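So you can see what is in the structure, the chains are spelled out below.
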Amino acid sequence: MSEYDGQTYRPKYHEDLVHSEISLPPNAPKEYADRAALWNSVELAEKRQDAQLARMLKASLPNEWSYELAEEVVRDYVQRNFVDRGMCADWAIHDSENDKGQHNLHIHVMLTLRPLTEKGEWGAKQKKVYDLDENGERIPVIDKKTGQQKVDKRNRKQWKCHTADSTDWNSRENAKMWRKDLADTINATNEQLGIALHWEHRSFKEQGIDREPTIHIGAVANALERKGILTERGNINREIIKNNMLLEQAKEMLMLAKQEVHSAQYEKIKNTAVSVKNEVMEMIAKVRERKGRLDLPIVSGKHLRKISDRTALQSADNVEKFITTRKMDSFESLAKFTEDREQKYQQLETVHLSKGQKLSRLKELSKMYALFAPIQATYKESQSLKGLAKMRYDKEHKDSLLKYPELRERMQSLLQNGEKVTPKQWKAEIQSLQAEYDSIGREQTKTATELAYAEVISYNKKNLERELQNESRQHNRQQSKAKRREEEI
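Residues numbered from 1 in each chain as written. Predicted model: local features only at pLDDT ≥ 70, side-chain atom pairs only at ≥ 80, totals over all residues. Heavy atoms only, no water.

## Section: the packing of aromatic side chains
For clarity, the threshold we go by: Only the six-membered ring of Trp is used, alongside the rings of Phe and Tyr, when aromatic pairs are assigned; centres must lie within 6.5 Å, and planes under 30 degrees apart are stacked while those over 60 apart are edge-to-face, with the rest tilted. Per the convention used, a helix needs a DSSP run of H or I reaching at least four residues, while a strand needs a run of E reaching at least two, with both numbered from the N terminus. Partly exposed residues are those whose accessible area sits between 20% and 50% of the maximum for their type, while under 20% is buried and over 50% is exposed, using a 1.4 Å probe and protein chains only.
Summed over all chains, the structure comprises 8 aromatic pairs. Residues Y32 and W122 carry aromatic rings whose centres are separated by 5.6 Å and whose planes lie at 10° to one another, so their mutual orientation is stacked. Taken together, the residues span a long stretch of sequence, with Y32 in the loop between β1 (17-23) and α1 (35-44) and W122 in the loop between β4 (103-112) and β5 (126-130) at a distance of 90 residues. Its relative accessible area of 8% is what places Y32 among the buried residues. For W122, a relative accessible area of 19% corresponds to the buried category. Here the aromatic rings of Y369 and W426 are separated by 6.3 Å at their centres, their planes lie at 85°, and the arrangement is edge-to-face. Here the residue Y369 occupies a position in helix α10 (residues 331-384), and W426 occupies one in helix α13 (residues 423-488), the gap between them amounting to 57 residues. Residue classification places Y369 among the partly exposed residues on the basis of a relative accessible area of 24%. Residue W426 is classed as buried on the basis of its relative accessible area, which comes to 2%. What links up through ring pairs into an aromatic cluster is the set Y77, F82 and W178.

## So, a negative patch on the surface
Here is the rule: Here a patch means residues that are over 30% exposed by relative accessible area and free of salt bridges, tied together within 9 Å if like-charged and within 5 Å if nonpolar (Val, Leu, Ile, Met, Phe, Trp, Tyr). Areas reported as accessible are Shrake-Rupley estimates using a 1.4 Å probe. Residue values count occlusion only from the protein chains shown. By convention in these notes, a salt bridge is any Lys or Arg side-chain nitrogen within 4 Å of a carboxyl oxygen on Asp or Glu. Only four residue types enter the charge count: Lys and Arg as positive, Asp and Glu as negative, with His and the chain ends excluded. Where a charge sits is defined by one atom per residue type, namely NZ (Lys), CZ (Arg), CG (Asp) or CD (Glu).
A cluster of acidic residues, E279, E282, D329 and E332, forms a negative patch at the surface. Among the structural elements, E279 can be located in helix α7 (residues 279-291).

## Focus on the nonpolar core
Quick note on the threshold: What is meant by a nonpolar core is a set of buried Ala, Val, Leu, Ile, Met, Phe, Trp, Tyr and Cys residues, joined one to another through side-chain atoms within 4.5 Å. Any two residues whose heavy atoms approach within 4.5 Å at even a single point are treated as in contact.
Judged by nonpolar contacts, the single largest core of 55 residues is most densely connected at L61, W65, V78, I93, I323 and I457. In terms of residue count, α13 provides more of this core than any other element does, 8 residues in total. Setting aside chain neighbours within four positions, we find W65 in contact with A70, V73, L105, I186, T189, N190, L193, I195, I307, S308 and R310.

## Considerations on the pattern of salt bridges
Where side chains of opposite charge bring their charged atoms close, a pairing between them can arise. Enumeration according to the criterion identifies 28 salt bridges in this entry. Close ionic contact of E320 with R288 constitutes a salt bridge, the shortest N to O distance being 3.3 Å. Of the two residues, E320 is situated in helix α9 (residues 316-325) and R288 in helix α7; the sequence distance between them amounts to 32 residues. Using a relative accessible area of 5% as the deciding quantity, one classes E320 as buried. Of the charged contacts, one joins E342 and K302 as a salt bridge, the two residues approaching to 3.2 Å between their closest N and O atoms. With E342 in helix α10 and K302 in the loop between α7 and α8 (310-314), this residue pair connects regions lying 40 residues apart in the sequence.

## Some thoughts on a positive patch on the surface
The grouping of R473, R477, K481, R484 and R485 at the surface amounts to a positive patch. Residue placement: R473 occurs in helix α13. Owing to a relative accessible area of 43%, R473 belongs among the partly exposed residues under this scheme.

## Overview of the pairing of strand β3 (residues 89-97)
Rule in force here: In this scheme, strands are said to pair when DSSP sees at least two bridges between them.
Where burial is concerned, most of β3 is hidden: 7 out of the 9 residues are buried. The pairing of β1 with β3 spans 6 bridges and is classified as antiparallel. Note that in β3 the partner of L17 across the bridge is H94. Bridge analysis of β3 against β4 gives 9 bridges, and the strand direction is antiparallel.

## Regarding helix α2 (residues 67-81)
Basically, it comes down to this: For a helix, the expected span equals 1.5 Å multiplied by the number of residues minus one.
For α2, spanning 15 residues, the distance from its first C-alpha to its last is 21 Å, which sits close to the expected 21 Å at 1.5 Å a residue. Buried residues of α2: Y67, L69, A70, E71, V73, V74, Y77, V78 and N81, and no others. The elements touched by buried residues of α2 are β1, β3, β4, α3 (172-193) and α8.

## Concerning the packing of α10 against helix α12 (residues 398-414)
Threshold: A fitted line through C-alpha atoms represents every axis, and for helices the fit uses only the stretch in contact; the resulting angles, taken between N-to-C directions, go from 0 to 180 degrees. The hand of a helix crossing depends on one turn: near helix anticlockwise from the far one by less than a right angle means left-handed, and clockwise means right-handed. When residues are sorted by character, Ala, Val, Leu, Ile, Met, Phe, Trp, Tyr, Cys and Pro go into the nonpolar class, Asp, Glu, Lys and Arg into the charged class, and all the rest, Gly among them, into the polar class.
Two numbers describe how α10 lies on α12: the axes approach to 9 Å, and their chain directions differ by 145°. The two elements α10 and α12 meet at a crossing, and its hand is left-handed. Across the interface between the two elements, R361, E364, L365, M368, Y369, L371, F372, I375, Q376, T378, Y379 and S382 of α10 pack against S400, L401, K403, Y404, L407, R408, R410, M411 and L414 of α12. When its residues are assigned to classes, the contact of α10 with α12 shows 12 nonpolar, 4 polar and 5 charged.

Here it is in structure tokens:
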């Protein structure tokens, strides 16, 4: 609730909320981790009614990302660009969906405008800066009548000055920097994931790209074209339009071909399914008839957060295939399946974590040994020499020898009790462990996907029951109204 106007403000789009969080700089009071406390404090710090309270940013994210990945990347982006510079950031990730079922994963970021002092109090947005002459001295304000320096009511000398922002947060260059950093972050993440999508922070104008797919004809050529006289530029545009139409037709033909193949595969799966009453399939059929696709449990989905291709989970065909191939004919069997898979996932997660920790330690050991080995060789060579030869050698390798004690200490700290330095064995173990780690990871992803399907089915069951109950109540109310009208007549 706002202490300023006494009203309670709630997020408008709570159903598509993936994650929300408040990130604070070290000098911010801990109570600002509560959204109401933070923004009530921001409002109370302002005196003017028209004061700007916050800066808001909105940006899209790749729909190919899982919710967990989006949360991790955005948290790092917000920390680096805003919180590390002293701002408090209230941010959220949403996954909205239009009427065609197209998703739009995006972020909202609200930033405070006042800097925080070391005591955690709101500082000033602007500060007074004295104008200086060429010698770096303050410039006095001269009274035109007396020719003397002006003084104020308290008999203090007046100096020329101006106001300036107390931080550089309002600089227009920041917007470009923040956009570029987000695009670079997304591209780097996509590259690691093998996603062939490139994000560009520059506008079309900055890139030198014309928004229109056709070229500019010009007044003269346009007048000729209206008279039915073909021009070179007009011919170019007609060729572009023709190519675009051919490309669209090719896409449509490819889409139809995929649909036909998919339909044939689905029919084969359905025909081989057990021919008994299936309450899960019946529920999916009702949802398909009403909406054409299933809804996602964006807020409540635990395993959904790990899935990148969320659109596939909404496909009724995919869900029916999931049910038939696993021979589930009731919600009881779905619950049993979920329980079994949840147990399997927990076991995989424990093993995966253990393998990962061991793998990380061995990789760190190998990396450290690669740094330590040449320094150690230099140290041993130095120890083998005497007299002037040692002095000359030590002088030439001074930097390496200075690093030796620190690197040896770091190397020994990584070695476990009694463990020997065996680089070749480490390499073999890393290769073996990496293969096991990746295999378990793939199995974990497969299990998480199965659990995500189960979450979607359960969520849609509850949704359908709620919608049918609401429709039934509405129908009963309408019947009651109609009955009363008949009785009145």
